[in-house]
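Architecture and fold: a report
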Amino acid sequence: MCGIVGYVGHSSGRVNVGHGALDVVLEGLRRLEYRGYDSAGVAVVADGTISSRKKSGKLSNLLAELEEKPLPDSVTGIGHTRWATHGGPTDQNAHPHLSDGGKLALIHNGIIENFAELKLELLEKGTVFASETDTEVAAALLGDIFRNQLNGDASNGGLTKAMQLACQRLEGAFTLLAVHADQPDVVVAARRNSPLVVGLGEGENFLGSDVSGFIDYTRRAVELGQDQIVTITADTVEITDFFGAPAQGKEYHVDWDPASAEKGGYPSFMEKEIHDQPDAVANTLLGRSDLDGKLTLDEMRIDPEHLKKINKIIVLACGTSAYSGQVAKYAIEHWCRIATEVELSHEFRYRDPIVDENTLIVSISQSGETMDTLMAVRYAKEQGAKTLSICNTNGSTIPRESDAVLYTHAGPEIAVASTKAFLAQITAAYLLGLYLAQLRGNKFQGEIKDILADLGKVPAKIQQVLDHVDEIKDLARSMAGAKSVLFLGRHVGFPVAMEGALKLKELAYIHAEGFAAGELKHGPIALIEEGQPVFVVVPSPRGRNSLHAKVVSNIQEVRARGAKTIVIAEEGDEAVKAYAEHVFYIPETPTLLAPLLAAVPLQIFALELATAKGYDVDQPRNLAKSVTVE
Ligand code: M6R
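Note that the structure is a prediction, hence the values are computed from the model and not measured.

**Brief notes about the side chain of glutamate 506**
On the secondary structure map, glutamate 506 appears in helix H17 (residues 493-508). For glutamate 506, a relative accessible area of 14% translates into the label buried. Looking at glutamate 506, its side chain comes within polar contact range of the side chain of lysine 503, at 3.2 Å. Among all residues touching glutamate 506, those that are not within four sequence positions of it are Ala417, Ser418, Pro620 and Leu623.

**Focus on the pairing of strand S22 (residues 533-537)**
For S22, the tally of buried residues reaches five of five residues, placing the bulk of the element in the interior. Burial along S22 is two-sided: the face carrying Pro533, Phe535 and Val537 and the face carrying Val534 and Val536 are both buried. When strand S20 (residues 484-489) meets S22, the two strands line up parallel, connected through four bridges. From the neighbouring strand, phenylalanine 487 faces S22, where its bridge partner is phenylalanine 535. With five bridges connecting them, S22 and strand S23 (residues 564-570) associate as parallel partners. Looking across to S23, one finds that phenylalanine 535 is bridged to isoleucine 566.

**Topic: the pairing of strand S13 (residues 237-241)**
Taken together, the five bridges between strand S12 (residues 228-232) and S13 define a ladder with antiparallel strand orientation. Its bridge partner being in S13, valine 230 is matched across the sheet by isoleucine 239. Between the end of S12 and the start of S13, which pair antiparallel, lie four residues.

**Some details on the sheet that holds strand S24 (residues 582-586)**
Pairing in this open sheet of five strands is parallel, and the strands run S21-S20-S22-S23-S24 from one edge to the other. Across the chains shown, the open sheet's two edge strands, defined by having one partner strand only, are strand S21 (511-516) and S24. Within this sheet the neighbouring strands show an average axis-to-axis angle of 20°, counted without direction. As paired strands, S20 and S21 are joined by six bridges and run parallel to one another. When the sheet's bridge partners are listed, leucine 488 is paired in S21 with phenylalanine 515.

**Some words on the site of the ligand**
Near the ligand you find 13 residues, and of these Ser321, Ser365, Gln366, Thr370 and Glu506 are the closest. A distance of 2.6 Å is found between an oxygen atom of the ligand and a side-chain nitrogen or oxygen belonging to serine 365. One nitrogen or oxygen atom from the side chain of serine 367 is found 2.7 Å from an oxygen atom belonging to the ligand. Contact with the protein chains removes 90% of the 420 Å² of surface that the ligand exposes when unbound. For the shell around the ligand, the secondary-structure elements that each account for two or more residues are helix H10 (319-336) and H17. When residues of the shell around the ligand are assigned to their parent elements, the largest contribution, three residues, is made by H10. Classifying every residue of the shell around the ligand gives three nonpolar, eight polar and two charged.

**What to know about helix H3 (residues 115-124)**
Residue pairs three or four apart in sequence face the same way in an α-helix, which turns once every 3.6 residues. All of the buried residues in H3 are Phe115, Leu118, Lys119 and Leu122. End-on, the buried residues of H3 take up no more than an arc of 100°, which puts them together on one face. Exposed residues lying more than 90 degrees from the buried face of H3 are Glu117, Leu120 and Glu124. On its buried side, H3 packs onto strand S6 (104-112), helix H4 (134-149) and helix H5 (158-169). Of the residues trailing H3, glycine 126 is marked for its positive phi of about 100°.

Each value, and the rule that gives it
- Each chain carries its own residue numbering, running from 1 in the written order of its sequence.
- Under the rules for a predicted model, residues below a pLDDT of 70 receive no local features and side-chain atom pairs below 80 are neither given nor counted, while totals for whole chains, interfaces and linings still include all residues.
- Side-chain metrics rest on all non-hydrogen atoms present in the structure, leaving aside hydrogens and water.
- A run of H or I in DSSP counts as a helix once it spans at least four residues, and a run of E counts as a strand once it spans at least two, with each numbered from the N terminus.
- Buried, partly exposed and exposed residues are distinguished by accessible area as a fraction of the type maximum, computed with a 1.4 Å probe on protein chains only: under 20%, between the cut-offs, and over 50%, respectively.
- We define a polar contact as two N or O atoms separated by no more than 3.5 Å, with the added condition that, inside protein, one atom must be a possible hydrogen donor and the other a possible acceptor, whereas residues neighbouring each other in sequence contribute only through side-chain atom pairs.
- Residues are treated as being in contact if the distance between any of their heavy atoms lies within 4.5 Å.
- DSSP-based pairing: two strands are paired if at least 2 bridges between them are found.
- Helix axes use the C-alpha atoms of the stretch in contact, all axes being lines fitted to C-alpha atoms, and the angles between their N-to-C directions lie in the range 0 to 180 degrees.
- Think of it this way: one heavy atom of a residue within 4 Å of a molecule or strand is enough to make that residue near it.
- All accessible-area figures derive from a Shrake-Rupley calculation using a 1.4 Å probe, and residue coverage is judged against the displayed protein chains alone.
- All residues other than Ala, Val, Leu, Ile, Met, Phe, Trp, Tyr, Cys, Pro, Asp, Glu, Lys and Arg, Gly among them, are scored as polar; the first ten of these are nonpolar and the last four charged.
- In this context, the arc is that of the directions from the helix axis out to the C-beta atoms.

Dropping the structure here:
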């Protein structure tokens, strides 16, 4: 999830009053920096050449570089702020990437799934690559088409034509913006499964990942459709499909203020991130399997032969990340038949754990910097274990120090309370489980393909849940005075219950506990008194082992003692209605995938209740996003 800006104006316009393309682009990047801050870069077209600067780290590093090495005045420019996916957060991997002998500059948001095969083809033609990114492959492809297929003919929309031909060959999710020295007054952009908006000005036009990229200059925006290409000049905006047929965008007026534009119009980053979840799951799945369902985890640098010998997995994580590990344990053990423990990182190395070279340590961390997890991973390495990191932050310390990495592609998570990272972590851990099952022959390829197909349907189902949250919001507001809320679940519903309780604790400062529903009778049921709110995550009635019936009994037990029961159940589960004050339905999905849906209403509940109490949901008291102390 990167931030992208493009601009074309007239020299008689902003440049004339000292605000050239570079200023506009940098202001856009400042507003889009929430989308990624691994590196930033810009390119402008001036005097028949492309001039570009890029720097790893925050935008401030690029600004310092520009201070030292200024760029010429220009009316055409593009800019990028990066959230690293392919290739670490280095200067070389920063965008823009150049091709066609430095005459073409390209920036990209997304993942090019078939970059490896395209790279091979371009290498055979003699292309030299300077970075590890999929973006540079797209830049090289575009440059190659422009130069060799279109003979470098810039007249008659050469760059637009080249972009159309390049997009016909690209797979995956991408927003691309390109400028060429031979077409100095044009920015060409393309989008597939990745955001891009056009800003309409007077004698100037803009492009942005979202409207915050140009909100300081215009409120007139055009939403592009899927698989569209847009060519902007200072006075024109032309849209086509990938084959050159004219297409239409949808114009609308932006009435957000600049601050809420950064949050996608939501009042908080947390709410925005909850709504980002369909994309977080979809992007984490992207590019990891072929049409037969064969998984290729390209960041997997542990010898497959070694992985076949693994006899134990220990998942190390803290907080929400640990709950995602607990969900994953059920799937990994079920699919791979490898004993899997989940341990809080800070407890791990103080108990003399049994770890050897046949143990696979799977650390899960959104930030990749959590000190407790880092120290636990280091300890496990010293004991000879292989270490694999599931992480959302490319190039952070834990993945760097691990033998293998599986990145979640949730994009930056700004709110302290983790939401989209949780779902992306479960998704990535499931991919790991399926990969191990494939490698070790625990599952037939067809079975893996079926599970991947079910996972592929999850983003749309999350969206369905998000489209029906009014009732849970109402309930949350009505419960702003609650002193304690309990959460019950069984099987994969148990860690979901604990995550629901954690969200409420950290956001609304309310006492909340998550219990395994079966444990109730061993003590916690003593807590139940008249009016005690109890959330129950109910498994699918279609599931195995009469688990559903057991949980329904648990609901009856607490209800009989006065609890107010709030139930999350699968659509069509009529049986729970009789025992619940409130039922929130989630779409049908296989049992192991249900946490990806059931967690969402609990997130919304905590967010809304904390908001009703007037608390800052993005920065709850006493907490930090990244806990870098032990
Ligand atoms: O960055 P990490 O995933 O390693 O962080 C782990 C926990 O600190 C984190 O999940 C924390 O529990 C969140 N605030 C939960 O919302």
